[in-house]
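Take a look at the letters that make up each chain.
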Amino acid sequence: MADDELEYVEEKAPFYYFKYGPVVIGTARPETKFGDKVIVVHPKDKRYKNLIGKEFDVEWIEGKIRAKVIADECIDMDLGTGAMTITPAHSLVDFELSQKYDLEAPQIIDFDGKIRPEWSKSCGGMPILEARKKVVEILEKKGLVDHIDENYIHNVSVNYRGKGVVEPQIMKQWFVDVNKAVIDWKKKKRSIKEVLQDTVRSKMIRIIPDRFEKIYFHWIDNLRDWCISRQIWWGHRIPVWYCTKCSNSFFSPTTVQKCKHCKAPSISQDPDTLDTWFSSQLWTFSTLGWPEKTPDLLRFTPSSVLETGYDILFFWVARMILGSTYALRKTGFPEEKSIPFKDVYLHGLIRDIHGKKMSKSRPETCIDPLDMIEKYGTDAIRLSLVIGGTPGNDMRLYEEKIAGYRNFVNKIWNGARFVMSSAEPSIKKREDKVNLKKLSRADKWILTRLNEIIEKVTDQIEDYELSEAGLTVYDFFWGEYCDWYVEMSKVTKNPAVLKHVLKTSLKLMHPFMPFVTETIYGDLCPGTMLITEDWPKPNPKWNFPSESDEMGRIMDLVSGIRVLRAESDVDATKKIHAIIFAHEDTALVEDKAEIIKRLANLGTLEIFGNGEKIDKALTTFVGDIEIYLPLADLIDFEAEKKRLHKEIDDLAKYIQSLDHKLKNKKFLNNAPKEIVENEHIKFTEGLKRLKKLQEQLEQISK
Ligand SMILES: [Zn+2]
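Residues numbered from 1 in each chain as written. Predicted model: local features only at pLDDT ≥ 70, side-chain atom pairs only at ≥ 80, totals over all residues. Heavy atoms only, no water.

## Concerning the pattern of salt bridges
Item 1. The full count for this structure, using the stated rule, is 42 salt bridges.
Item 2. Note that Lys-142 is salt-bridged to Glu-59, the shortest N-O span being 2.8 Å. With Lys-142 in the loop between α2 (128-141) and β7 (145-159) and Glu-59 in strand β4 (residues 55-60), this residue pair connects regions lying 83 residues apart in the sequence.
Item 3. Judged by relative accessible area, which is 33%, Lys-142 ranks as partly exposed.
Item 4. In this structure, Asp-343 engages Arg-206 in a salt bridge whose closest nitrogen and oxygen atoms are separated by 3.0 Å. You can see Asp-343 sitting in strand β19 (residues 341-347) and its partner Arg-206 sitting in strand β11 (residues 206-208), a full 137 residues away along the chain.
Item 5. Given the relative accessible area of 13%, Asp-343 is considered buried.
Item 6. Beyond isolated ion pairs, a larger network of salt bridges with shared partners links Arg-29, Glu-31, Arg-132 and Glu-167. (Salt bridge = Lys/Arg side-chain N within 4 Å of Asp/Glu carboxyl O. Helix = DSSP H or I, 4+ residues; strand = E, 2+ residues; numbered from the N terminus. Buried < 20%, exposed > 50% of the residue type's maximum accessible area, 1.4 Å probe, protein only.)

Here you go:
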């Protein structure tokens, strides 16, 4: 296994103290101790100073053994007794010590996880945990157990996939040397490690979000040689052959029948397979025909962006950089053409509604995308993964959310269908060639906005602000095109502009909801496919800032009237009367009178340059423009007075009861603080509402 496939989990397990000759040693793993012959202490540890370099006969698990004491600074004097024996075959730290001091490293536990019989008559063939108990029992009988700490917390290394406990073993494996200078890189022979650092440090490769660059460097800086051979059946077999006749080994990219050295047929291929990540890192170039310099390899290396999860930044992303730079430099590609990609966009992990990781062992956390697609459509799933997500951050996914985006998709579908069915003659049959000489203010406004939106969405996508980009185009399509422009088109219509903006919006929405937009597009422009269209560009001839501004004021005016209507509960379908003092915008408002009437649902509209303030009317200002809605047209005065009187009476009673409650000492002393606070809020809100109602009553009673 590679180092990065190891995970550490905390476990509470007994820590044993055994008498071992002149010292007491601590260990969590008695079952590995059969062959321990070396005691290691810290050179500065006064307790053991006179023992260093000495040898002893020690009574141990299977009888007497000869032990010696060495000193090394790696020992933590405060851990246990500050003295330990080492088991090089089953501990990485101990193995490194054995290399340093040229010590033996006998295998105690076999590859099936059992004690090898030659070490112990009583424990031979036993699995690890069973042997652990047995060894303690034996030492107990011999009076060699000093004491046991039952509450020791230690780190156990487990496999990152299956979480099985990993037993270190010494075996012959294939490694990738990460420190040997093997790549011609920027006029120097450099190691894999140096090239991995340089590609990101020199910004040839950008990681998004950039906080992951720090994590990347931390990993590379601590990189060890990569163990790439695995003792499993599935995978690329190691392409190395061994000859039994001349004992040589050789590499061959293709299957061979004879020894390369002595031509003998008695050869066999290494039975091991490559680490799955070694095979995966070949992907960016091997799929494009490498080692041939195919047109595809030349064109698509480096690719513009790799999109993947942050959890495989090392496993896969770093390994692809490693493999591609090594292989393509060897094939003669320049440095900038040998990296696999320019940008790495890391998405977060998908979690369930409670933020829990989805896992097969807990089915209640999982959502089957196929079920969701069946129910809500593929575009809804896609949107629920894009909107609201930010690079590198985990996101929650649940059915209600997907259902919400189904509504989002439906709105687009309905909006587009409405435009196509309501524009007569059908815009399907019309050209979308915009004639600059025939543009109304509204046309100029929507074309100007379209330009702005194209620019904004393009920038957002290029900056990987995918969620924002999706919302920008959605807001434009729904909030400006459908709500305003299409409505205005019911007064005066420009089918070419209607169609052009719809077509362009579909192009902008296509990356976010490819299926629905493709279907609408096929209907709008039969015989064409949206997916093969070019990405829209702003048209420099379509920038009309002053007309756009004017239309903005008209829309504000309409919104102003709508708000007034809504605040006074005027029936939305009722056509009412409005008076506008438009001052400098008089000509503009007069020009757009029909649109204002239609969108604000007015029966009559009077427009003046200016005039006396009007009483008994709802009033608002939009910039300098004064808007009056005479109350006589809005409401039945007598009925409204009656209604207001009743509401005021009811509210006054309610406020009185709250006041009573808030003066009650028993309530104040016993009720929870939040409840008391809540009653206070209700009281002040009630007073505010009462004041407003009284003002309304006064207004209509004048
Ligand atoms: Zn040979």
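## Looking at a negative patch on the surface
Item 1. Taken together, the side chains of Glu-455, Asp-459, Glu-462, Asp-463, Glu-465 and Glu-468 define an acidic patch exposed on the protein surface.
Item 2. In terms of residues, the negative patch owes the most to one element, helix α13 (residues 441-462), which gives 3 residues.
Item 3. One can find Glu-465 in the loop between α13 and α14 (466-488).
Item 4. Judged by relative accessible area, which is 33%, Glu-465 ranks as partly exposed. (Patch = residues over 30% accessible without salt bridge, like charges linked within 9 Å, V, L, I, M, F, W, Y side chains within 5 Å. Areas by Shrake-Rupley, 256 points an atom, 1.4 Å probe, with all protein chains shown as cover. Lys, Arg positive; Asp, Glu negative; His and termini not counted. Charge placed at Lys NZ, Arg CZ, Asp CG, Glu CD.)

## Regarding the pairing of β4
Item 1. In β4, alternate side chains face the same way, and those of Phe-56, Val-58 and Trp-60 are buried while those of Glu-55, Asp-57 and Glu-59 on the opposite face are not.
Item 2. Direction of pairing for β4 relative to strand β5 (residues 63-71): antiparallel, over a ladder of 6 bridges. Residue pairing in the sheet places Glu-59 in a bridge with Lys-64 of β5.
Item 3. Once β4 ends, the chain turns through 2 residues before running back antiparallel as β5. (Pairing = 2+ DSSP bridges.)

## Focus on the domain arrangement of the protein chain
Item 1. Once the domains are mapped, the protein chain shows domain 1 (3-159), domain 2 (175-237 + 272-347), domain 3 (399-538), domain 4 (547-634) and domain 5 (637-701).
Item 2. Domain 1 and domain 4 are separated by 89 Å when their C-alpha centres are compared. (Domains from an automatic or database assignment.)

## Focus on the sheet that holds strand β22 (residues 576-581)
Item 1. With respect to topology, 4 strands assemble into an open sheet ordered β23-β22-β25-β24, the strand pairing being mixed. Looking at the sheet topology across the chains shown, the edges are occupied by β23 (602-608) and β24 (617-622). Pairwise comparison of adjacent strand axes, ignoring direction, gives a mean angle of 20 degrees for this sheet.
Item 2. Bridging between β22 and strand β25 (residues 625-630) involves 3 bridges; their strand directions are antiparallel. Paired with Ile-580 across the two strands is Ile-627, which belongs to β25. (Axes fitted to C-alpha atoms, helices over the stretch in contact; angles between N-to-C directions.)

## Describing the coordination of the zinc ion
Item 1. For the zinc ion, every protein donor is listed as Cys-243 (SG), Cys-246 (SG), Cys-259 (SG) and Cys-262 (SG), and the spread of their distances is 2.2 to 2.4 Å.
Item 2. For the zinc ion, the 4 donor atoms in the first shell make angles of 104 to 112 degrees at the metal, a pattern classed as tetrahedral.
Item 3. One chain supplies every donor to the zinc ion, and in sequence these donors are spaced C-x2-C-x12-C-x2-C.
Item 4. Assessed through its relative accessible area of 1%, Cys-259 is described here as buried. (Donors = N, O, S within 2.8 Å, 3.2 Å for Na, K, Ca; no water. Tetrahedral: all angles 85-135°; square planar, octahedral: opposite > 155°, others 65-115°.)

## Let's talk about the sheet that holds strand β2 (residues 23-27)
Hydrogen bonds along the backbone pair up the strands of a sheet, which may run parallel or antiparallel.
Item 1. Read across the sheet, 3 strands follow the order β2-β1-β7 without closing on themselves; strand pairing throughout is antiparallel. For this open sheet the edge positions go to β2 and β7, each flanked by a neighbour on one side alone. Within this sheet the neighbouring strands show an average axis-to-axis angle of 25 degrees, counted without direction.
Item 2. As paired elements, strand β1 (residues 6-20) and β2 share 5 bridges and run antiparallel to each other. The residue bridging Tyr-16 from the neighbouring strand is Thr-27, located in β2.

## A closer look at the packing of helix α15 (residues 495-509) against helix α16 (residues 514-524)
Item 1. Interaxial distance between α15 and α16 falls to 9 Å at its minimum, and their mutual angle equals 150 degrees. When the axis of α15 is compared with that of α16, the two are roughly antiparallel. Of the two possible hands of crossing, α15 and α16 adopt the one that is left-handed. Contacts between α15 and α16 pair Lys-499, Leu-502, Lys-503, Leu-506, Lys-507 and Met-509 from the former with Thr-517, Ile-520, Tyr-521 and Leu-524 from the latter.
Item 2. For the contact of α15 with α16, the class distribution of residues is 6 nonpolar, 1 polar and 3 charged. (Parallel < 35°, antiparallel > 145°, perpendicular 65-115°, else oblique. Left-handed = near helix turned anticlockwise from the far one by under 90°. Contact = heavy atoms within 4.5 Å. Nonpolar A, V, L, I, M, F, W, Y, C, P; charged D, E, K, R; others polar.)

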